[in-house]
Amino acid sequence: QVQFVESGGGLVQPGGSLRLSCTASGFTFSIYYMSWYRQTPGKERELVATITTYGDNSNYADSVKGRFTISRDNAKNTVYLQMNNLKAEDTAVYYCKAPTLIASWGQGTQVTVAS
């Protein structure tokens, strides 16, 4: 079945960096756009970034533009999110998913930005 396994989260100080990874399985990864989302308690899940099938185009939420970079490796069925200059408001559980694929969410990876 379709699965998304996120990793790479952790505790980081403001201004620091993290690189998240998400490995997908159960579908033809290379033909789907992939997205990163995040969610904090009591709030709706927010779309953070999306990348096209070949990785030649991407778009970002205004709140992360210029700080986050999404990329993918189709040979490894993996999508990445490089997060730089992290802020306290980036604290959330981060998830990946193919936005047009009907599938369950993964377990996510917790990112906590705090001093």
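Conventions adopted
- Residues numbered from 1 in each chain as written.
- Predicted model: local features only at pLDDT ≥ 70, side-chain atom pairs only at ≥ 80, totals over all residues.
- Heavy atoms only, no water.
- Helix = DSSP H or I, 4+ residues; strand = E, 2+ residues; numbered from the N terminus.
- Rg over C-alpha atoms; globule rule 2.2 N^0.38 Å.
- Buried < 20%, exposed > 50% of the residue type's maximum accessible area, 1.4 Å probe, protein only.
- Contact = heavy atoms within 4.5 Å.
- Areas by Shrake-Rupley, 256 points an atom, 1.4 Å probe, with all protein chains shown as cover.
- Lys, Arg positive; Asp, Glu negative; His and termini not counted.
- Charge placed at Lys NZ, Arg CZ, Asp CG, Glu CD.
- Pairing = 2+ DSSP bridges.
- Axes fitted to C-alpha atoms, helices over the stretch in contact; angles between N-to-C directions.
- Disulfide = S-S within 2.5 Å.

1. So, the overall build of the protein
(1) Moving on: Scanning the protein for helices and strands turns up zero helices and 10 strands.
(2) Moving on: Beginning at the N terminus, the succession of helices and strands in the protein can be written as β-β-β-β-β-β-β-β-β-β.
(3) Moving on: Here the C-alpha radius of gyration of the protein, 13 Å, is about what a compact globule of 115 residues would show, namely 13 Å.
(4) Moving on: Taking the principal axes of its C-alpha atoms as reference, the protein extends roughly 40 × 30 × 20 Å.
(5) Moving on: The 115 residues of the protein split such that 43% are buried.
(6) Moving on: Of all intrachain contacts in the protein linking residues separated by at least 6 positions in sequence, the fraction that spans at least 24 positions is 53%.
(7) Moving on: Split by element, the accessible area of the protein, about 6,100 Å² in all, is 48% carbon and sulfur.
(8) Moving on: Side-chain charges of the protein comprise 10 positive and 8 negative groups, with the mean position of each set lying 2 Å from the other.

2. Some details on the sheet that holds strand E3 (residues 18-25)
(1) Moving on: Here we have four strands laid out as an open sheet, ordered E1-E3-E8-E7, and antiparallel in their pairing. The sheet terminates laterally at strand E1 (3-7) and strand E7 (68-73), the two strands that pair on one side only. Sheet twist, expressed as the average angle between the axes of neighbouring strands with direction ignored, equals 15°.
(2) Moving on: Note: E7 against strand E8 (residues 78-83), six bridges, orientation antiparallel. When the bridges of E8 are listed, Arg72 appears paired with Val79.

3. Quick word on the sheet that holds strand E2 (residues 10-12)
(1) Moving on: Taken in spatial order, the six strands line up as E2-E10-E9-E4-E5-E6 in an open sheet, and their pairing is mixed. Looking at which strands have only one partner, the edges of the open sheet turn out to be E2 and strand E6 (58-60). Adjacent strand axes in the sheet meet at a mean angle of 25°, parallel and antiparallel pairs treated alike.
(2) Moving on: Here five bridges tie strand E4 (residues 34-39) to strand E5 (residues 46-51), and the two strands are oriented antiparallel to one another. Across the sheet, the residue bridging to Ser35 is Thr50, located in E5.

4. Let's talk about the pairing of strand E9 (residues 92-97)
(1) Moving on: Across the six residues that make up E9, a large majority, six, are buried.
(2) Moving on: Covered by surrounding structure in E9 are Ala92, Tyr94 and Cys96 together with Val93, Tyr95 and Lys97, the residues of both alternating faces.
(3) Moving on: Bridge analysis of E9 against strand E10 (residues 109-113) gives three bridges, and the strand direction is antiparallel. Bridge pairing in E10 places Val93 opposite Gln110.

5. Points about the state of the cysteines
In a disulfide, the sulfur atoms of two cysteines are covalently bonded to one another.
(1) Moving on: Considering all chains together, one arrives at one disulfide under this definition.
(2) Moving on: A disulfide bridge connects Cys22 with Cys96, and the sulfur atoms are separated by 1.6 Å. Taken together, the positions of Cys22 in strand E3 and Cys96 in strand E9 put the pair 74 residues apart, joining distant regions of the chain. Of the two residues examined, Cys22 and Cys96, each falls in the buried class.

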